[in-house]
Amino acid sequence: MESGSGFGTGALVVIGLYLVMMIGVGWIGRLRRMSDSMADFYLAGRSMGLGVLLLTLYATQYSGNTMFGYTGKAYRIGFEWTVSILFMFSIIVGYLLFAPRLVALARRMEFITPGDYIRHRFGSPLLTLLATLLMIYALGNYTLAQLKAMGAAVEGITDGGISSAYGIIALAVIMVVYETLGGMRSVAWTDAIQGVLLLAGFSILLFLVPGLGGGLTAVVEKLSVEAPEMVRAPSLEICNTWISFVLLLGCGAAIYPQAIQRLYASRSVSVLKRSLTVMAFLPLTTTLIALLCGLTGRVVLPGLEGVATDQILARLCGLIMEQSLAGYWLVVVIFAAALAALMSTADSALLSISSMFTRDIYQVHFRPGATQPELTLVGKIVSWVVVAVLVGIAIGTEKTLVRLLEIKFEVLIQIVPCFFLGLYWRRLRTSVVIAGLLAGLAVALGLTVAGQSKLYGFHAGVVGLGVNFLICVAGRALGPVKEEGEG
């Protein structure tokens, strides 16, 4: 292997071919387009079957946060991070609470963005704009986390030989190229490839990483001696935090705009339900393995702190590479899986940002008479601008990946009543939803600014969501029955 880089020429060629293939898939997606409409570009003509839908949801949900942020969090706090498995299960429950009804409505009304549903259900330009801006902010934050993880992957696997900034820039450019070439088709198809790689990568990690610490039993025994707080039963406040994480992720991740658009793109409601049935088992193949990797890393490579802990998986892979030729090539597969996790999530978020800005802001407020080709072109330009801005921020920020994840959800979950309640409660009035959303935001951001990111173990966003829900429930009980729209 070459000095200064964990990968030799052969491995670099393999990784390079993989990245070029992603651009090739984007080009094929461009050739397969049926029209220049937004529905074709952003929803692939609403034609996703079971296999592609399942893999694109999987590759989007399990991201750089899972491979790098979650391993880093487990490294820092130990078995307390078992909650990550629970909240990944809760996301599927969140989907099932609203997705089938939303998809049936979306197919009838030809929705493209989450804003289309909010505009149809509540008839309020103000609420739609507010919700869209919050979702764009949340997705910008999410994409930022993926870009940071790209840098952590490159810097960690090379043990600092290559700066994270170079990894961020190169992978971001490749991602935006294939995304703007083929839209949802190229993103979904690359996600399918990346989903298979991700499953393979996690399977390899399960067999290789615990062995670095002498096996899981030895890892737990060493932690019991060296860091007993990492294996203790959780306190009451930590239990509250577990409940808070389940609410934060179970509600927030279920209304990811990119996930909602994949729901819109499904071929039918039955296809959607079958894919969610399989998704319910996937936390055991991903999040659980990330937890084991983080615990092993704490024993094998102690002493990392702050953002450096997000590189623990990459550093463990570096150790595996040094053991044998087989280990070397297995890590090449793992590294490809890591890139898959990062890029499949970031490209999905980027696609949703461009669609929401174009349809819910540009078309509604600036160019109501714009043609479909014009809107599609504007969306592509927005993708390039957003990537350029986020790359600059990613290179400069020092936040850990999991903290970036939490910040995003503090804001995003304030939109939950629009979907979870709006689809079922005809009494839920627009003014009440806006009041609840603003109150929830004020509480969440106020606590955060005051340095209270958690209150008795509950995240500030969850406390805000509680206030939000109370206002919506009270408003429903007191308000008149809504006469227009779906609910």
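Residues numbered from 1 in each chain as written. Predicted model: local features only at pLDDT ≥ 70, side-chain atom pairs only at ≥ 80, totals over all residues. Heavy atoms only, no water.

Q: Quick one: what's the story with the environment of L325, residue by residue and with numbers?
A: Tracing the chain through its elements places L325 in helix 15 (residues 325-366). Once the C-alpha coordinates of L325 and R274 are considered, the two residues, 51 residues apart in sequence, prove to be 40 Å apart. (Helix = DSSP H or I, 4+ residues; strand = E, 2+ residues; numbered from the N terminus.)

Q: I'd like a description of the packing of aromatic side chains, backed by residues and values.
A: Scanning the entire structure with this criterion turns up 12 aromatic pairs. Between F98 and F419, the ring centres sit 5.9 Å apart and the planes meet at 55 degrees, which makes this aromatic pair tilted. Of this pair, F98 sits in helix 5 (residues 83-109) while F419 is found in helix 18 (residues 416-420), placing the two residues 321 residues apart along the sequence. As far as burial versus exposure is concerned, F98 and F419 are alike and both buried. What links up through ring pairs into an aromatic cluster is the set F98, F111, Y117, Y264, F419 and F420. Here R121 stacks its cationic end above the ring of F122, 4.6 Å away from the centre of that ring. The ring of Y75 has R298 sitting right over it, with the charged end atom 5.5 Å from the ring centre. (Phe/Tyr/Trp six-rings, centres within 6.5 Å; stacked < 30°, edge-to-face > 60°. Buried < 20%, exposed > 50% of the residue type's maximum accessible area, 1.4 Å probe, protein only. Lys NZ or Arg CZ within 6 Å of the ring centre and 35° of its normal.)

Q: Describe in detail the pattern of salt bridges, supporting the description with residues and values.
A: Considering all chains together, one arrives at four salt bridges under this definition. Put simply, R119 and D116 hold a salt bridge, and the shortest N to O gap is 2.6 Å. One end of the pair, R119, and the other, D116, are both in helix 6 (residues 114-122), three residues apart, so they sit about a helical turn from each other. In this structure, R119 and D360 form a salt bridge, with 2.9 Å as the shortest nitrogen-oxygen distance. Residue R119 is found in helix 6, and its partner D360 is found in helix 15; the two are separated by 241 residues along the sequence. On the basis of relative accessible area, R119 is assigned to the partly exposed category, the value being 26%. One network of salt bridges, in which partners are shared, links D116, R119, R359 and D360. (Salt bridge = Lys/Arg side-chain N within 4 Å of Asp/Glu carboxyl O.)

Q: Describe helix 9 (residues 216-226), with residues and values.
A: If you check which residues of helix 9 are buried, you get A218, V219 and L223. Axial view of helix 9: buried residues confined to an arc of 135 degrees, hence all on one face. What points out from helix 9, more than 90 degrees from its buried face, is the exposed set T217, E221 and V225. Its buried side turned inward, helix 9 meets helix 13 (287-300). (Arc of directions from axis to C-beta. Contact = heavy atoms within 4.5 Å.)

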